[in-house]
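Architecture and fold: a report
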Amino acid sequence: MSNAHQNSEQEALYVRNFVDLGAGDIPVVGGKNASLGEMLSNLAGLGITVPDGFATTTNAFHLFMGVGQKDGLAGRIAQLLRDLDIDDLAQLSSVGSQIRSLIANHPFPSEVEAAIRVAFQSLTSDAHPSDEPTFAVRSSATAEDLPDASFAGQQETMLNVQGIDDVLIAIREVFASLYNDRAIAYRTHHQFPHESVAMSAGVQHMVRSDIGSAGVMFTVDTESGFTDTVLITSAYGLGEGVVQGAVNPDEFHVYKPAVNNGRPAILRRTVGDKATKMVYAIQPSVGHTTEFTEVTPRDRIQFSITDDEVIELARQALTIEQHYGRPMDIEWAKDGVTGEINILQARPETVQSRRPATLERFVMSEPDRRRATVRAVGRAVGQKIGAGRVRVLNSPADMHDFRAGEVLVADMTDPDWEPIMKRAAAIVTNRGGRTCHAAIIARELGIPAVVGTGSATRDLEDGDEVTVSCAEGELGVVLDGTVDFDVQHVALDEMPDVPVQIMMNVGNPDQAFTFARLPNSGVGLARLEFIINRQIGIHPRALLDMEANPEVLEASLRARIQRMTAAYPSPRDFFVQRVVEGVATLAAAFAPDPVVVRMSDFKTNEYARLVGGPMYEPHEENPMLGYRGASRYLSADFVDCFVMECEAIRYVRNEMGLTNVKVMVPFVRTLAEADGVIELLAEHGLRRGHGGLEIIMMCELPANAVLADQFLDRFDGFSIGSNDLTQLTLGLDRDSEIVARAFDERDPAVLRMIEMAIRACRGRGKYVGICGQGPSDHPELAAWLVEQRVDSISLNPDTVIDTWLALASAGVADGDVKSPL
């Protein structure tokens, strides 16, 4: 055998090129590096680009550590760990520091160093002599990124490393990071023997995302576990800024079935503030190869990647998920020179994929929630609620001040904080997004976290009693004081049958994926005005005037609208796309079940509260009975605004393919109004019956019940709005405290109106449901409605389980339910 061949075999014992690796090499190079090799070998032909590199092997690590040697590093480290109490944070910090210092200052065995130098020379052989290529040196532990364990962020990544000498230093730092405080504590807590975990270092060509963009994506929604979406985060600069939680990134949700069918697929877009970005250090040195710089105000309010790039990222994510056959957690980078998207890491997602079939819901009472003062707002992580006393910490060095059950408040909580994170009732940070390492660890530990608040460390003080709620959608809130909450546990695979379709009233797309986990037959009422209020916040006329007649708007108002709409092509596009996002999110979450979208039903006083609203809205003494519903759509002053709503619904159905969306028209006073609205909808692409489109009418006025047959000539069915129907049948203002006690959906006159509407629909073979508050508040009313053979009952999400179980146990299908009077 030649010396060259012997050298090659010895080098392969300690170093392996990525292209020679596959999924079966985890014991040799760890999960992360094995995955990179797997993708390079199998997915390059499918459009997945992975930067080239090499990995040190576990043989190299064991030789470096002197495993089995009398005076080797491994023996000395085992001695230091033998009597360690990980709950003694001072001892943990001291022991961890000693171990890392031993490793960082230990020389490589000559054969290992020689193999690394040969591999590095090969990797740089194609570089131009005037170029100085840079590299990322990443950790890859043998127990890291496995399907049943999450070690995310516990070991180090070194970026912008130049030259073989610095690469060797970086590899030792990566080896040392196996004994970070957080990694020692995690392995001990999860009973992974320290000696069973070995470390590989991956040396990989850098992608010039320092002048591009980068981020993280998951092929499952990280909060709800919804599997038909890809969650993508993105920010300017190197992706480590997003991973560390130092940057509040943009977020996108992409609908997998639409990607697979070649249709428009972006469900949600959220602009992050992206105040800083991580770039190459101007004067790099060992330990200082990157730095943060400020992002210009103009770039902060723009998206950091284009829609086309979002779709391409989602396509690559789905290719990777399909190859591995499970939800994935993927880091990506866009090269600012070439514009090419690269995949830097891919590992199994480990939180949602292990979630049991039991639904756990944290719920506050509405009155208690309304009374509570909001102290801070950020991105919600964990869908839970926690309460305790605030402890503001500026550094992990202050960990000894923290007490179990307190609420940890910090600028950012990178994984170094893990030893105390598991003892916190909740976590609140100034910076970070929902895919940063801190968020991943918070989910792993089952702790609610509100990240990216901007100013929590200034707004909250040590000793403040607060309640941290992540159970209200994508936004998490910190509430003053201790607010009572309940925890509901529902075995989703054990729900009994019910004799009616149970649907939900959902107006907040932020919670759509979560609500879709409840047992349901779709959405019986999706309020478009809620989407306009939460996701747009600007009067539609002001947006139209911003384009056509900007001079009618005050300069300060124009500037405010410009800031709010800057990420979209135009103010009008902002309105249409934001409505599309809200409706599409609801439709995707509940597909293929129907989602009944009620066109906007703001009253004048509600429209007036939007930005620019006072310019356009008249004052009315009783807005409940005024300029709303069908009459507003048909008025010359509003018709162009209604056209934008139509455009959005048409796009969701026709372009995105979400044909489970049905249209509902509210507050139709007369048959003439019914004819006018049906004609207007058809004129703008929403023709009844075309493409299976159904148009439902809200039956909420006595006139609708009295003339039910004539209204049904024009619509595909009724959804009974018991709130307004009760108000108008009994002749009372439901907003008036003076007569509020007389408001009761169970009044005989109201029941008679409901009965008339149901009977008319049954006689015509048309759909009839109810979407008012009544069935949510009164289980006996829900049972009576089933007896009347209503097709569906649409409930508030917090009452679905109780009402479902009540109907299942009442035997209401047998025709023996009494009137709820």
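Keep in mind it's a predicted model, so treat the numbers as computed, not measured. (Residues numbered from 1 in each chain as written. Predicted model: local features only at pLDDT ≥ 70, side-chain atom pairs only at ≥ 80, totals over all residues. Heavy atoms only, no water.)

**So, the overall build of the chain**
Of the regular secondary structure elements, the chain holds 32 helices and 30 strands. Computed over its C-alpha atoms, the radius of gyration of the chain comes to 30 Å, within 12% of the 28 Å expected for a compact globule of 821 residues. Referenced to the eigenvectors of the C-alpha coordinate spread, the extents of the chain come out at roughly 95 × 55 × 50 Å. Considering the chain as a whole, with its 821 residues, one finds that 57% of them fall into the buried category. In the chain, the share of contacts with a sequence separation of at least 24, taken over all contacts with a separation of at least 6, comes to 70%. As presented, the chain carries roughly 31800 Å² of accessible surface, and 47% of it is formed by carbon and sulfur atoms. When the 73 basic and 114 acidic side-chain charges of the chain are each reduced to a single mean position, those positions are 3 Å apart. (Helix = DSSP H or I, 4+ residues; strand = E, 2+ residues; numbered from the N terminus. Rg over C-alpha atoms; globule rule 2.2 N^0.38 Å. Buried < 20%, exposed > 50% of the residue type's maximum accessible area, 1.4 Å probe, protein only. Contact = heavy atoms within 4.5 Å. Areas by Shrake-Rupley, 256 points an atom, 1.4 Å probe, with all protein chains shown as cover. Lys, Arg positive; Asp, Glu negative; His and termini not counted. Charge placed at Lys NZ, Arg CZ, Asp CG, Glu CD.)

**Looking at the side chain of Asp-329**
Residue placement: Asp-329 occurs in strand S12 (residues 328-334). Setting aside chain neighbours within four positions, we find Asp-329 in contact with Val-216, Met-217, Phe-218, Gln-345, Ala-346, Arg-347, Pro-348, Glu-349 and Ile-440.

**Focus on helix H18 (residues 528-535)**
Because an α-helix completes one turn every 3.6 residues, residues spaced three or four positions apart along the sequence face the same direction. Within H18 the residues assigned to the buried category are Leu-528, Glu-529, Ile-531, Ile-532 and Gln-535. Taken end-on, H18 shows its buried residues confined to a sector of 160 degrees, consistent with a single buried face. Buried residues along H18 sit in contact with strand S9 (266-270), strand S24 (523-527), helix H21 (571-590), strand S25 (595-598) and helix H24 (639-655). Backbone geometry just after H18 places Gly-537 at a positive phi near 75 degrees. (Arc of directions from axis to C-beta.)

**Concerning the pattern of salt bridges**
Evaluation of the coordinates by the stated rule reveals 47 salt bridges. Linking Asp-368 and Arg-371 is a salt bridge whose minimum nitrogen-to-oxygen distance equals 2.5 Å. Of the two residues, Asp-368 and Arg-371 are both situated in helix H13 (residues 366-371); the distance of three residues between them amounts to about one turn of the helix. Taking the shortest distance from any N to any O, the salt bridge between Arg-431 and Asp-411 comes out at 2.7 Å. Within this pair, whereas Arg-431 is found in the loop between strand S18 (426-429) and helix H15 (437-445), its partner Asp-411 is found in the loop between strand S17 (407-410) and helix H14 (418-421), the two being separated by 20 residues in sequence. With relative accessibility at 28%, the residue Arg-431 sits in the partly exposed group. Through salt bridges with shared partners, one network takes in Glu-251, Arg-268, Arg-379, Arg-434, Glu-474, Asp-510 and Arg-534. (Salt bridge = Lys/Arg side-chain N within 4 Å of Asp/Glu carboxyl O.)

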